[in-house]
Each structure stands twice: as structure tokens, then as C-alpha cells.
Amino acid sequence: MDVHGTVAEGFEPVRDAFVRNFATLGERGAAVAVYRDGQRVVDLWAGTKDVDGTAPWERGTAQVVRSATKGVAAAVLLLLHQRGQLDLDAPVGHYWPEFKARGKERVLVRHVLNHRAGLPVLDHPLTPEQALDPLRGPEAVAAQAPAWEPGTDHGYHALTYGWMLDELVRRVTGQGTGAWLASQITGPLGLDLWLGLPHAEAGRAGRVGRVEGPEPAGGLRARPKRSVTAAYEDPASLTRRAFAAITPFPDQNDPAYRAAALPATNAVATADGLARFYATLIGDTAGASRLFAPQTVALARAEESAGPDRVLVVGTRFGLGYMLHGSASPFLTPGSFGHPGRGGALGFADPETGIAFGYVTNGFRKTVTADPRAQGLVRAVRGALGMQA
């Protein structure tokens, strides 16, 4: 396997872990980038651009990052709050009056970000065509009754998170999340990260698809807990229904899907774009001042929800818009905040060490939050810093 790119002195273990992903974990094509105190210390890529192709992955190859999108989109609401345009403790209905229907008057803006809104499912799922219409998703959520009393418990809002967030941004700014992100963050910073992939950049995105990991040594396959398996198999469970809010799920290689802006699921990014995004949230980078004030970083990573997740059926931890370090989604240290993408991708920041991390892949595995390829790379970063792996 030819691995391209560079690593700074001391970060060679990350390259070794990246190579192992191809040698032992079935990686087809991927990239990883790491920044420390605003300086890039890891920039690696290898394999094929398309999961089912032979053309090489090149510098600048981008991929759909699935739910790693959520951490990118969350920054928009937090920056609007930082600028005084949005009150996190205001009812959603203050900005979006139609949302107040069916017992949702007390859903707060912070409940959208911390997965406590009680709205992870739709009684009437959207078709792929409807989901790409920026009006239909918010309309469906506004008409939906909560699955539990808002604010009293948490459960992962796999798809509805994006529609609620997008409509809030639209009501406050007059722009959708993707357009605001491009005009205020990714465009000015020159990040290879898009929520709504422009036609001019479409050729950079590789084809993604499902890949299987190797059988563990000895022929034993690690199995999820029975309760988790049952939740994913039961059509009536919140788990199945949350991930089925769009039925069937759109083809992620469809240019129309990539060109749309779904703030829960369909950002397209390079590893460097994702890592530099997080680097700029927590500190200055080359040519750019930090985006988050210290108080906003504190909001992002202060625990808002923790414990058994009604949707994922495991213990999860959330700040405002971000997953927090924990057993379900290990990052670098307990102070890290970020978001994984189902099946592989991962982006996060760790203010204590100054580390920002981005990993993208074209091969999606069955993992939801803690993909072994991404976790191997995180452990290698930990080791490079002299921390206990």
C-alpha cells in the first residue's frame, strides 16, 4: 500500500496505524489529518478514490461524512448564539411559530442540540425526493408529536436533528445552514468542506459503499449486546424509526443527494477540511482567527445529556451539538468534543492538547459511533503525545 502525505516528527505512530487499517481492517480508501495548536502535523491518504474503483485517492479527494456533519452544523447555531442572534434557552417556537403544534411549545433551542427534543422519529417518513426539499423536512417535524416529554430524557435524533437545526438557521438568518456555513465559515477559511456540494467540486467526491471488516483472530466475531440488536431489528422501536425517517435512505452517491444540504447527514469533506474546521473552532490557524470564544467552547463540551440513549440503546454523552468523549464514542481526552459519522468518519477537537482530528473513508462499516479504523488512529495520536493509549 502506497501511503502519501507527511507526518511531523513524533507522529509516526499515526502513519503506522493508518497502514494497519489497510493491512488488517479492510480499508479501501481513506485520509487522516491532525492539527496541533493550529499547525498540521499529520496529512495522509491512500487507497482508491471510489470504494468500488481503481483510480487512486488524491490530495483533495473528499467523501460524504454522514453524521460527522452534525458537529459541523452545530457550529452554526453556536456562532449565531455567540453573535447574539439566537437564544439557546428560547423556545424553538419563538423563532419558528409553526413548530409549537402538538405539545412542542416547551422545546428549547438547546433541546435540538442536546438530543432532548423528543422528536427522533416521524410517524410519516419522507421519501428520498421529499427529503431533498429543504421545506418538507421541517414541515414534517413541525407536525410531529414528541415521543417523550421534551427536555426530560435524551435519544439520538439521527435525521430530524438536521431539519430542526436548518429551519432555525433559516428563520434567524434567511439562509439555509449550508449557505450560511459556506458564506461565513468554510468559504472564508478555504476549507474543503461543503454542506451542499457545488457542481464545480462534484468530481472530487469519491463513491462510498459498505465494506466488511475481517473476521477476528480465532474466528470469533464480536457481537453487539442483545438489546441493541433487538432495537435495530424491531420496526416499531425508536431506533429503527429514527434511522427510517427517510425511507428508503437516499443513494449517497447520487449527485442530487450530495448537492442538497441535510445538516444531519450529508456534508462532504476532505480529512484536512474536517480537521482544520475543528482546529479553527478552538484556536488560531494559519491565516485565520479562532471561531469559538472560550465561553462557546465551554458550551460545546459541557455535558447536557448522559446515560442510556433512548434511540442508540447504549450510554451516550452530548454537549450542545457535539458528542462528548465516552465509551460509546471515545475521543482523545474527557475534554474532547466532536462527532462520528455512522460507518467510519470522525472529527473532533481537544482544547487541552490543542489537537484537532479528521478522518474520512469511502468504506462504511456497520459501526455507528466507534469505528475501529478511526479508533486505531486516535490511539496512535494519544501515543504520539505520550498519553496512555
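Up top is the structure.
Residues numbered from 1 in each chain as written. Predicted model: local features only at pLDDT ≥ 70, side-chain atom pairs only at ≥ 80, totals over all residues. Heavy atoms only, no water.

Some details on the overall build of the chain
Right, on to step 1. If you tally the helices and strands in the chain, you get 14 helices and 14 strands.
Right, on to step 2. Within the chain, the proportion of its 389 residues that are buried is 56%.
Right, on to step 3. For the chain, the proportion of contacts with a sequence separation of at least 24, taken over those separated by at least 6, is 68%.
Right, on to step 4. Summing over all exposed atoms, the chain offers an accessible surface of approximately 15200 Å²; the carbon and sulfur share of this is 50%.
Right, on to step 5. Of the charged side chains in the chain, 40 are positive and 38 negative; the average position of the first set lies 4 Å away from that of the second. (Helix = DSSP H or I, 4+ residues; strand = E, 2+ residues; numbered from the N terminus. Buried < 20%, exposed > 50% of the residue type's maximum accessible area, 1.4 Å probe, protein only. Contact = heavy atoms within 4.5 Å. Areas by Shrake-Rupley, 256 points an atom, 1.4 Å probe, with all protein chains shown as cover. Lys, Arg positive; Asp, Glu negative; His and termini not counted. Charge placed at Lys NZ, Arg CZ, Asp CG, Glu CD.)

As for helix α7 (residues 160–173)
Right, on to step 1. Here α7 is 14 residues long and its end C-alpha atoms lie 20 Å apart, about the 20 Å a rise of 1.5 Å per residue gives.
Right, on to step 2. Taken across its 14 residues, α7 has 10 buried, putting it largely inside the fold.
Right, on to step 3. All buried positions along α7 are accounted for by Thr-160, Tyr-161, Gly-162, Trp-163, Met-164, Leu-165, Asp-166, Glu-167, Leu-168 and Val-169.
Right, on to step 4. Summarising the contacts, the buried residues of α7 are in contact with α2 (68–82), α3 (92–95), α4 (109–113), α5 (128–131), α6 (136–142) and α8 (177–189).
Right, on to step 5. Positive phi shows up at Gly-174, right after α7, with a value of about 85°. (Expected span 1.5 Å × (residues − 1).)

Observations concerning the pairing of strand β8 (residues 305–308)
Right, on to step 1. Here four bridges tie β8 to strand β9 (residues 315–318), and the two strands are oriented antiparallel to one another. Paired with Pro-308 across the bridge in β9 is Gly-315.
Right, on to step 2. Hairpin connection of β8 to β9: six residues between the antiparallel strands, including Val-313 at a positive phi of 65°. (Pairing = 2+ DSSP bridges.)

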